[in-house]
Amino acid sequence: VVMSQALSLKCNVCGVQLRSVQECQSHGEATGHADFVESTDAVLNLTCVACGKPCRSETEKDIHTKRTGHSEFVDKTNETAAAIDSEKEMKKLDADMKAELGVEGSSPMDVDSNPVDDPDEEKIEPEVDAKCLAELEGMGFNRNRAVRALYHTGTDNVEQAVNWIVEHENDADVDDPLLIAKTKIKKKLTKEEAKIKAEELRKSMAAKKEKEEREMERLREQERIRSGKELLAAKRQEEELQLKRNLEARRIEKEETARAKARIKEKLEEDRIARRLKLGLPAELTEEEKQREREREEKKAAAAAEEARKKAEAGLIVKPVEKIDALRKILVDIKKTHGESNADGVTTCYKTLLLYLGNVVKAPDETKFRKIRLDNAAYQKRVAGVGGGAFLEKCGFVNDGEALTLPRSDVDAPLFNLAGAEIDGALTNPFFGVL
């Protein structure tokens with residue numbers, strides 16, 4: 001008589017067929033089902049000809065067809081069907097679980113396949129299912145062979161026992177009495193114990209999965225933080241490089257402007273000399289002519305100052321709109337460029353600029369207020385570090401490569417007051433530079 005081996009495991013709750021204990025474990029975690037039995041029916045395998053996807057049921061096949069339009073399938077159930085040893089798989093899962101959790105000791109599932117017997121220990125014939133034993137003997141198998149089959153399969157299923165006998169009929173000791181030391185005899189799990197054991201395994205695997213997910217989340221968070229730091233560092237480095245490029249561009253522009261002014265001045269001087277020679281005068285101005293030129297310049301400056309004073313008293317000062325707009329744009333650029341990464345630095349820059357201008361307005365004759373060394377640590381940290389030097393240069397400070405210097409004649413108190421108002425607005429208005 002030849003009986004078929006178990007080809008699948010079936011969930012008694014929902015009826016789904018599974019290929020291994022591992023799949024039962026996953027099914028239990030997803031559904032909470034813990035009642036599984038062995039089945040001689042193989043898991044259906046309908047393979048899509050177009051894409052090779054295996055479908056385990058007609059329903060899954062229909063869904064695949066609706067989603068992809070593939071309608072041709074090949075039944076490979078017999079090709080992929082394989083006998084399963086659920087007891088062996090359960091023992092392996094149990095061992096893996098204990099290794100993962102660091103638990104030592106045995107469980108009702110543990111079976112020593114090669115026990116080392118104590119010669120002084122009493123040996124007995126293991127207890128097997130009497131009904132199955134009688135049925136096997138009724139089929140013509142001797143008692144020893146039947147006991148071995150029922151013991152080694154650990155089942156009360158006659159088909160599986162007959163299967164074992166067929167597979168081991170050529171063993172030399174298949175008809176010898178089976179005597180096992182009392183301490184080595186396997187304990188047969190009842191259906192309730194099997195359910196409890198399956199639930200324990202499900203919970204342990206769920207705990208393992210949760211632990212792995214926590215570890216993965218921790219690693220993902222570490223990677224997110226690391227990436228964020230790298231991006232921030234790269235952004236700051238790019239900002240620093242851009243600031244250096246802007247400073248270099250302004251320096252080159254100033255040098256070009258200075259050279260152009262020098263050429264114009266030289267040309268004017270050549271024209272002046274040519275006119276003097278044409279009139280029969282010496283090329284260079286006499287001392288008397290130089291003195292008259294100085295007096296004329298002084299009178300011109302005094303007249304301009306008096307005109308500005310009268311306009312101020314009459315409230316007729318015209319705001320330098322273009323300069324104020326340019327100064328406001330510089331403040332906005334500073335906030336947009338550094339506001340997110342260095343908000344405190346932007347605020348410090350605004351306050352320092354306000355202090356510089358205030359000191360000049362209060363004491364315009366004090367040289368120390370009109371000169372700022374470029375290598376000054378406080379200036380570099382509070383102003384130059386966020387691009388505030390451009391604001392001072394727009395107010396009239398001249399960059400000679402070593403310091404920012406404001407000539408006494410270029411002190412424009414009304415302009416500085418208006419610039420101070422812009423800075424104050426940048427400090428107090430939370431929407432400055434946004435709208």
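This section reports on the structure supplied with the text. Just so it is clear, the structure is predicted and the values come from calculations on it, not from any experiment.

Quick notes on the side chain of histidine 64
Among the secondary structure elements, histidine 64 is positioned in helix H2 (residues 58-68). The contacts of histidine 64, once residues within four sequence positions are left out, are Cys48, Cys51, Lys53, Cys55, Gly69, His70 and Phe73.

Brief notes about the layout of surface pockets
For the second largest pocket, the calculated volume is near 480 Å³. Looking at the second largest pocket, it is lined by 14 residues, and the ones nearest its centre are Arg250, Glu253, Lys254, Thr257 and Glu393. At the level of secondary structure, the elements contributing two or more residues to the lining of the second largest pocket comprise helix H8 (191-278), helix H13 (389-394) and strand E10 (398-399). With six residues, H8 is the single largest residue contributor to the lining of the second largest pocket. The residue makeup of the lining of the second largest pocket, split by class, is five nonpolar, three polar and six charged.

Details of the nonpolar core
In terms of nonpolar packing, the biggest core is built from 33 residues, with Tyr350, Leu353, Tyr379, Phe391 and Leu392 touching the most fellow members. Here the element with the most residues in this core is helix H11 (residues 343-362); it accounts for seven residues. Ignoring anything within four residues of it in the chain, the contact list for tyrosine 350 reads Leu331, Ile334, Lys335, Ile423, Ala426, Leu427 and Phe432. One finds Cys132, Val147, Val174 and Ile180 within the second-largest nonpolar core, a separate group that totals 18 residues.

With respect to the pattern of salt bridges
In the structure shown here, the tally under the stated rule is 28 salt bridges. Its salt-bridge partner being aspartate 333, residue lysine 329 comes within 3.1 Å of it at the nearest N-O pair. With a gap of four residues between them, lysine 329 and aspartate 333 both fall in helix H10 (residues 321-338), about one helical turn apart.

Things to note about the packing of H10 against helix H14 (residues 413-428)
Across the interface, H10 lies against H14 with an axial gap of 10 Å and an inter-helix angle of 35°. Read as a crossing pair, H10 and H14 show a hand that is right-handed. In this structure, H10 contributes Lys323, Ile324, Leu327, Arg328 and Leu331 to the contact, and H14 contributes Leu415, Leu418, Ala419, Glu422 and Ile423. Among the residues making up the contact of H10 with H14, the classes are represented as seven nonpolar, no polar and three charged.

Quick look at the packing of helix H6 (residues 143-153) against helix H7 (residues 158-167)
In the contact formed by H6 and H7, the axes pass within 9 Å of each other and the chain directions differ by 110°. Considered as vectors, H6 and H7 are oriented roughly perpendicular to each other. Seen along the crossing, H6 lies across H7 with a hand that is right-handed. Across from Arg145, Arg148, Ala149, Leu150, His152 and Thr153 in H6, the residues of H7 making contact are Gln160, Ala161, Trp164 and Ile165.

Here we look at the sheet that holds strand E5 (residues 54-55)
Within the open sheet, the three strands sit side by side as E5-E4-E6. Their pairing is antiparallel. Every interior strand has two partners, whereas the edge strands, E5 and strand E6 (73-75), have only one. Alignment of strand E4 (residues 46-48) against E6, held across three bridges, turns out to be antiparallel. Counted as the bridge partner of threonine 47 is valine 74 from E6.

Overview of the side chain of asparagine 45
Mapped onto the fold, asparagine 45 is located in the loop between strand E3 (36-39) and E4. In this structure asparagine 45 comes out as buried when scored by relative accessible area, which is 6%. Within the structure, the side chain of asparagine 45 is placed 3.2 Å from the side chain of threonine 80, a separation counted as a polar contact. Excluding anything up to four places from it in sequence, asparagine 45 contacts Arg19, Pro54, Cys55, Val74, Asp75, Lys76, Thr77 and Thr80.

Side note on the pairing of strand E1 (residues 8-11)
Successive side chains on a regular strand alternate, one facing one side of the sheet and the next facing the other. In this structure, E1 lies alongside E3, joined through four bridges in antiparallel fashion. Considered in E3, the bridge of serine 8 is made with serine 39. As judged from the two bridges shared by E1 and strand E2 (residues 17-18), these two strands associate in the antiparallel manner. Along E2, the bridge assignment pairs lysine 10 with glutamine 17. Between E1 and E2, which pair antiparallel in sequence order, lie five residues; one of them, glycine 15, sits at a positive phi of approximately 85°.

Digging into the sheet that holds E10
Taken in spatial order, the three strands of this open sheet run E9-E11-E10, and their pairing is antiparallel. On the outer flanks of this sheet lie strand E9 (371-373) and E10, each paired with one strand and no other. One ladder, built from three bridges, connects E9 with strand E11 (residues 403-405); its direction is antiparallel. Within E11, the position partnered with arginine 373 by the bridge is alanine 403.

What counts, and at which threshold
- Residues numbered from 1 in each chain as written.
- Predicted model: local features only at pLDDT ≥ 70, side-chain atom pairs only at ≥ 80, totals over all residues.
- Heavy atoms only, no water.
- Helix = DSSP H or I, 4+ residues; strand = E, 2+ residues; numbered from the N terminus.
- Contact = heavy atoms within 4.5 Å.
- 1 Å grid on protein atoms, 1.4 Å probe; cavity = no way out; pocket = protein on both sides within 12 Å on 5 of 7 lines; lining within 4 Å.
- Points joined across faces, edges and corners; volume = space filled by probe spheres on them.
- Nonpolar A, V, L, I, M, F, W, Y, C, P; charged D, E, K, R; others polar.
- Core = buried A, V, L, I, M, F, W, Y, C linked by side-chain atoms within 4.5 Å.
- Buried < 20%, exposed > 50% of the residue type's maximum accessible area, 1.4 Å probe, protein only.
- Salt bridge = Lys/Arg side-chain N within 4 Å of Asp/Glu carboxyl O.
- Axes fitted to C-alpha atoms, helices over the stretch in contact; angles between N-to-C directions.
- Left-handed = near helix turned anticlockwise from the far one by under 90°.
- Parallel < 35°, antiparallel > 145°, perpendicular 65-115°, else oblique.
- Pairing = 2+ DSSP bridges.
- Polar contact = N/O pair within 3.5 Å; in protein donor to acceptor, adjacent residues only side chain to side chain.

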